[in-house]
Structure formats: structure tokens, C-alpha cells
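Letter by letter, the chains look like this.
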Amino acid sequence: GENVEQHPSTLSVQEGDSAVIKCTYSDSASNYFPWYKQELGKRPQLIIDIRSNVGEKKDQRIAVTLNKTAKHFSLHITETQPEDSAVYFCAASNNAGNMLTFGGGTRLMVKP
Amino acid sequence: EPEVTQTPSHQVTQMGQEVILRCVPISNHLYFYWYRQILGQKVEFLVSFYNNEISEKSEIFDDQFSVERPDGSNFTLKIRSTKLEDSAMYFCASSERSGIYGYTFGSGTRLTVV
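A brief report on the enclosed structure follows. Numbering of residues begins from 1 in every chain and follows the order in which that chain's sequence is written. Here the convention is simple: chains get letters from A, ligands get numbers from 1, in the order in which they are written. With pLDDT at 70 or above as the cut-off, local features in this predicted model cover only qualifying residues; side-chain atom pairs require 80 or more to be listed or tallied, and sums for whole chains, interfaces and linings still use all residues. Note that water and hydrogens are dropped before the side-chain values are worked out from all heavy atoms of the structure.

**A closer look at the sheet that holds strand β1 (residues 5–7) of chain B**
Residues and elements named next belong to chain B. Taken together, four strands build an open sheet; the order of strands is β1-β3-β8-β7 and the sheet is antiparallel. Edge positions in the sheet fall to β1 and β7 (65–68), since each has one partner strand and no second. Pairwise comparison of adjacent strand axes, ignoring direction, gives a mean angle of 20° for this sheet. By the convention used here, strands pair only if DSSP detects at least 2 bridges between them. Helical segments are the DSSP runs of H or I of at least four residues, strand segments are the runs of E of at least two, and each set is numbered from the N terminus. Lines fitted to the C-alpha atoms define the axes, with helices restricted to the stretch that makes contact. Angles between their N-to-C directions range from 0 to 180 degrees.

Written as C-alpha cells, this is what we have:
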């Protein structure tokens, strides 16, 4: 089955700096890679996703890159703000199944 | 914006008791899922459900677990005889099409087994 590894487990940045979170996956059949933001005690919320037919996707301050050959994908947050502080999860899925396999999560702390 | 609704938000139960967690998916969604998250850990897939049957399940989803769509709106997860290690946040999710198009998660039910 799919295995998703996520690094780092914690990340502390100054407000205004960029943050990068990286994930690797094992199943070459995976073709959908969403990122979720989870605030304490709340539901995971989809913030951006990418499919395997593109290498990069951007939405305002958030971007995701995908390297299918190396089987890794990354989340980039620019101009971080204190409200970006949360746990971020990457995930992977493939067409044949509809389950998401999540990474272990990254706790992002943005210091004002 | 449509939401996935889960009840109760918190359930405390004694070990060995049966619990039913309830979810109301978004009305035009066809695919339904249960995930769990043990405190401080990753979100783990339990089961997916489509067309009134289980389409996929994980190793976690053993004989103690069952799912049901008893009517046109509710989607339930039953744990037959709860164990201490079943304590977790349980998230329901739904999607209009197959999960690769993104889920909407519910707000979760925190299950505490004592």
C-alpha cells in the first residue's frame, strides 16, 4: 500500500518568511496530492491540491510542486502570517481507490 | 457553503460498550468515508462507501466496525465493543465524485473510551 512521509514534523518561522513542507510517497500509481490545514480541535480543511498531470500549482500565497519521477511533492507558503499557524497534512491517492493516505503532519508556528 | 455534519461532537463510553457515530454528508455527494485521528497523530483511513456498499476498507476496519446508510441522509459508523485504543477523533467525509476530487470533512466526533 501507499506510504507517505512528511518533513519536518515541526517548523517555526518568523512572520513574513517562507515555509516549505515536503512529502514523499511510495506508490507510483498515486496521482492526486492534496494538502490539508488543521487547526487545533478542528476538521482538516483542503487548502490546495495537485494532480499528476501538472508540476506546479499556485493559489495566492500557497503553491505546491510535484516531482513524479522522484515521488515527492512540496507545499510552499510565502509571506507567512500568524494565522497560518496550524498542522499541515499532505496526502496521496490514486484513481483506482478513493482512500487518502496522509503524511504524519507538520506543526507550523509563525512567530509575530 | 454546504457542510458535513457529525453528531455527537464528543462521546464518552465505557470499554466494551457499543457506540454509533452519526454523519450527515452533503446532500448531492455520492461517496462517503470515515477516518480517525488518534490524538497528536496522522489522519488514518477507515472505510469508503458508495452505492450502499463498502468500496474500500483499511486494516483498522476490522469486524468490530460497521457502516450503514440507514436512510437517504445519514451515514453511521458503529463500533460494536469499544476498546481503550478506539479513543480518537473520528471524521466523516463526503465527496461528489471519487475521492480524488477532494473531500469535505465533518467537524469530527471525539470518542473517549474509559
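Read on, since the account is not over.
**Focus on the side chain of E2 of chain A**
Residue and element names in this part refer to chain A. Position of E2 among the secondary structure elements: in the segment before β1 (4–7). Think of it in three bands: with a 1.4 Å probe and only protein chains considered, a residue is buried below 20% of the maximum accessible area for its type, exposed above 50%, and partly exposed in between. The charge count treats Lys and Arg as positive and Asp and Glu as negative. His and the chain ends do not count. Throughout this description, the term salt bridge denotes a Lys or Arg side-chain nitrogen within 4 Å of a carboxyl oxygen of Asp or Glu. Buried and unpaired, E2 has no salt bridge, with K71 as the nearest side chain of opposite charge at 7.6 Å. A polar contact is formed between the side chain of E2 and the backbone nitrogen of S26, at a distance of 2.7 Å. Non-local contacts of E2, meaning those with residues more than four positions away in its chain, are made with Y25, S26, D27, S30, A92 and T101. In protein, a polar contact requires one atom able to donate a hydrogen and another able to accept it; more generally it is a pair of N or O atoms within 3.5 Å, and residues adjacent in sequence count only if both atoms are side-chain atoms. Should any heavy atoms of two residues lie within 4.5 Å, those residues are considered in contact.

**Looking at the pattern of salt bridges**
Residue and element names in this part refer to chain A. Enumeration over the complete set of coordinates arrives at four salt bridges over all chains. In this structure, D49 and K57 form a salt bridge, with 2.9 Å as the shortest nitrogen-oxygen distance. On the basis of relative accessible area, D49 is assigned to the buried category, the value being 9%. The shortest N-O distance in the salt bridge between D84 and R61 comes to 2.9 Å. Of this pair, D84 sits in the loop between β8 (72–77) and β9 (86–94) while R61 is found in the loop between β6 (56–59) and β7 (62–67), placing the two residues 23 residues apart along the sequence. Among the residues examined, R61 registers a relative accessible area of 22% and is labelled partly exposed.

**Describing the interface of chain B and chain A**
Taken together, the contacts link 24 residues of chain B with 21 residues of chain A. Put simply, buried area is the surface a 1.4 Å probe can reach on two separate parts but cannot reach once they are joined, added for both. Overall, the association of chain B and chain A removes approximately 1,800 Å² of surface from exposure, summing both partners, and the carbon and sulfur fraction of that is 53%. Inspection of the region where chain B meets chain A yields zero salt bridges. Counting across the chain B and chain A interface gives four residue pairs in polar contact (both at pLDDT 80 or more). Counting residues per element, the ones that place at least two in the side of chain B that touches chain A are β4 (31–37), β5 (43–50), β6 (53–57) and β9 (88–95) of chain B. Sorting elements by how many residues they give to the side of chain B that touches chain A places β4 of chain B first, with four residues. Partitioned by chemical class, the residues of the side of chain B that touches chain A number 12 nonpolar, nine polar and three charged. Gly is put with the polar residues, along with every residue not named as nonpolar or charged; the nonpolar set is Ala, Val, Leu, Ile, Met, Phe, Trp, Tyr, Cys and Pro, and the charged set is Asp, Glu, Lys and Arg.

**What about unusual backbone geometry?**
With an omega of -5°, the peptide bond running from H7 of chain A to P8 of chain A counts as cis. Within the fold, P8 of chain A resides in the loop between β1 and β2 (10–14). Residues other than glycine seldom take positive phi values, yet Q60 of chain A does so here, at roughly 55°. One non-glycine residue, N51 of chain B, lies in the positive phi region at around 55°. Looking at the element boundaries, N51 of chain B is found in the loop between β5 and β6. The class of N51 of chain B is exposed, set by a relative accessible area of 59%.

**Some thoughts on the sheet that holds strand β3 (residues 19–25) of chain A**
Residue and element names in this part refer to chain A. Sheet architecture is open: five strands sit in the order β1-β3-β8-β7-β6, paired in antiparallel fashion. In this open sheet, the two strands that pair with only one neighbour each are β1 and β6. For this sheet the average axis-to-axis angle between neighbouring strands, irrespective of direction, equals 15°. Two strands pair when backbone bridges link them, and β6 and β7 are joined in this way by four bridges, in the antiparallel orientation.

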